[in-house]
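Fold and contact review
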Amino acid sequence: MGKDDFGLDEIEELQNSSVSLPSPSSIKRKLTTKEGWIGDFDFAFLCTPTLNPWSKKSRSKTASSTPYYGVTDDLPILLALVCGFQHSLAMLAGVITPPTIFASSLGLSGTPYANYMVASSLIASGICSAIQMTRFKIPFSERFFTIPRYMGTGLITVTGTSFATLSTASAIFNALYSNGTCPMVTASDGVTVVRGACPDAYGYVLGTSALCSLLMMGLSFVPPKALKRIFPPGVTGLVVLLIGASLIGESGFLNWAGGSGTCHNRPETGLFALCPNINAPKPLPWGSAQFIGLGFLSFVTIILVELFGSPFMRNASIIMGLIVGMIVAGGAGYVDGTSIKTAPVATFFWVHTFKLRIYAPAILPMMAVYVSLTMEVIGDITASSEASRQPVSGLLYDSRISGGILADGVNGLLSALFTNAPLSIFAQNNGVISITRCANRTAGYFCAALMVLYGVLAKISGVFLAIPASVLGGITTFLFASVCVSGLKVISMSPLTRRNRIVLASGFSLGMGNIVVDDWAAYIFTYEGGNSALKGFMDAIVIILSTPFLIAAIVSIIVNLILPADDEDEVVSRQAVAPEAYPVDRTTTSVLPQHRSSETGIEEEAYTDKEDRLTKVEV
């Protein structure tokens, strides 16, 4: 398509989408006037608890009394700070969870590395979020492309360490320990053999991630329509669903019952005869009622906050659950404060470093991770655009998709150099935009600054590391289940035609089977010869096969590409494009499912009864 194929309004809208610096006069007005500081936002609404959550009046009161602040509107400083703080709280638990799990998997718990990994995750999240939100034109791009290319979305699209990396990294760590790259050591009891500290394994993940981030940068130059054709919502949603499901089984539920380490096997003797180990302040057998109760307290706090909390509290419900669980656990003597005492007052990148190296068998799995991140980005940017009242079709929307994918790829490279695992856009912050009615980038920049501050103040990281496994398990189980629900939501955007059901079932069968029987792939490729290249390739295949969402994504993408459209798909597609020409069958009582048009990505109206279903479909 040439530049003349787009309307003048679209071209102008695209050109005006870059982030520009405020003028000196606007800065002066901001800092010296009441309107610049406070504006007319209803802060009382934001902080007022819901005394009767079952009353429609108390729930509907919300947004009607507060103004909406768009992406480029003039935003009061105090409101920007409050909304930025809300965004930081909403994403905080998601940012600290992956490095905490990494540290535990590599025998680094209780070492300075663990505190540093959490801190670097927070700092990298803040810096890379600012890069993603700061949309700017790539110099000279108009010379090589039909229209100028941009990096970043220009929306409040915050980033954090991706959950998609956890399963793949876990498989990589397992391979490195099994082949002797990482040491197995005898515990202090002189009997139990445990994983020794292996920071080099993390360096392998970081180095491989940095290399594979180039793939995502390259995918950003593929037309968004082609990407959406290869990765339809059904495939994308399936990947997200399986990421959440595998994390619940590998970490969430195990920690809830006391710990995800060796103690969950309940050995009769040794260091892990009790959880989290026999040297903990109050060790107990895995699955003890005390552990279950602590996790349930954190879990149920989230529900109670959602019921009775103010909008501000509801957006921070995960953190509220952590705080309540931590207070009770601390009072009952389950908290080990060593990580807080040993943490430095302040830290930054490269206080501790990891040898960046490439693990050849992990290249294919990590490339698959970046492909899955690309799928996530498409859905998350669409949701962010909808929440921010921005177009979800047309030139600007496609440009945001391309720019967001490019920024995520660049952030993946920067994140590895910042000693942190790959980052991706977090979807949960779209709820903050909807509740606060503030989609302004300034709030996003305050959020990014706060995340950097949390990381620099290393004592904060020490507090997170001191959270008992059962409290963290109750929270992360809910968090990972929310990831599953997000996947279901994305799946629902496609109509469940016979063809789509076949695509979903083909990927789901291998993905879910892998979760239930996690060692099924360990016996397929068991090459023991001396060809190191062949052995590395076999290891890569095993990592892919043993990572549920990777094998599911590969199978479902292939099936989606080779299965031809059937009559049912044609009818659904024609009804979406021209509803008057292809009316809905009035003889059936079934309702049309909510889905997105394959061409525009626009969410279509979901019909709730027969009368509504017979009216015109609005696209």
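Residues numbered from 1 in each chain as written. Predicted model: local features only at pLDDT ≥ 70, side-chain atom pairs only at ≥ 80, totals over all residues. Heavy atoms only, no water.

Together, Ile 27, Leu 31, Trp 37, Ile 38, Leu 78 and Leu 81 line one region of the surface with nonpolar side chains, adding up to about 500 Å² of accessible area. Of all the secondary-structure elements, those providing two or more residues to the nonpolar patch are α2 (24-32) and α6 (77-105). As for its placement among the helices and strands, Leu 31 is situated in helix α2. (Patch = residues over 30% accessible without salt bridge, like charges linked within 9 Å, V, L, I, M, F, W, Y side chains within 5 Å. Areas by Shrake-Rupley, 256 points an atom, 1.4 Å probe, with all protein chains shown as cover. Salt bridge = Lys/Arg side-chain N within 4 Å of Asp/Glu carboxyl O. Helix = DSSP H or I, 4+ residues; strand = E, 2+ residues; numbered from the N terminus.)

As a further point, take the environment of Val 490. Summarising the element assignment, Val 490 is placed in helix α21 (residues 469-491). Judged by relative accessible area, which is 17%, Val 490 ranks as buried. Expressed as a C-alpha distance, the spacing of Val 490 and Gly 379, which sit 111 residues apart in the sequence, is 7.5 Å. Once you skip the residues sitting within four places of it in the chain, Val 490 turns out to touch Pro 233, Thr 236 and Gly 237. (Buried < 20%, exposed > 50% of the residue type's maximum accessible area, 1.4 Å probe, protein only. Contact = heavy atoms within 4.5 Å.)

Looking now at the state of the cysteines. Applying the stated criterion to the full structure yields two disulfides. A sulfur-sulfur separation of 1.9 Å characterises the disulfide bridge that pairs Cys 263 with Cys 275. The S-S bond linking Cys 263 to Cys 275 shows a torsion near 105°; that makes this disulfide right-handed. Residue Cys 263 is located in the loop between α11 (233-256) and α12 (289-308), and its partner Cys 275 is located in the loop between α11 and α12; the two are separated by 12 residues in the primary sequence. You'll find Cys 263 and Cys 275 in the same group, each marked buried. For the chain, the disulfide bridges join cysteines in the arrangement 1-2, 3-4, where the cysteines are counted in sequence order. The thiol sulfur of Cys 438 is not disulfide-bonded, and the nearest other cysteine sulfur, from Cys 83, lies at 4.1 Å. (Disulfide = S-S within 2.5 Å.)

All right, on to the packing of α6 against α21 then. Contact pair α6 / α21: the axes reach a minimum separation of 11 Å and the direction vectors enclose 115°. Judged by the angle between their axes, α6 and α21 are roughly perpendicular. In this structure, the crossing between α6 and α21 has a hand that is left-handed. Across the interface between the two elements, Ala 93, Gly 94, Thr 97, Thr 100 and Ile 101 from α6 touch Leu 472, Thr 476, Leu 479 and Phe 480 from α21. Residue composition of the contact of α6 with α21, grouped by class: five nonpolar, four polar and no charged. (Axes fitted to C-alpha atoms, helices over the stretch in contact; angles between N-to-C directions. Parallel < 35°, antiparallel > 145°, perpendicular 65-115°, else oblique. Left-handed = near helix turned anticlockwise from the far one by under 90°. Nonpolar A, V, L, I, M, F, W, Y, C, P; charged D, E, K, R; others polar.)

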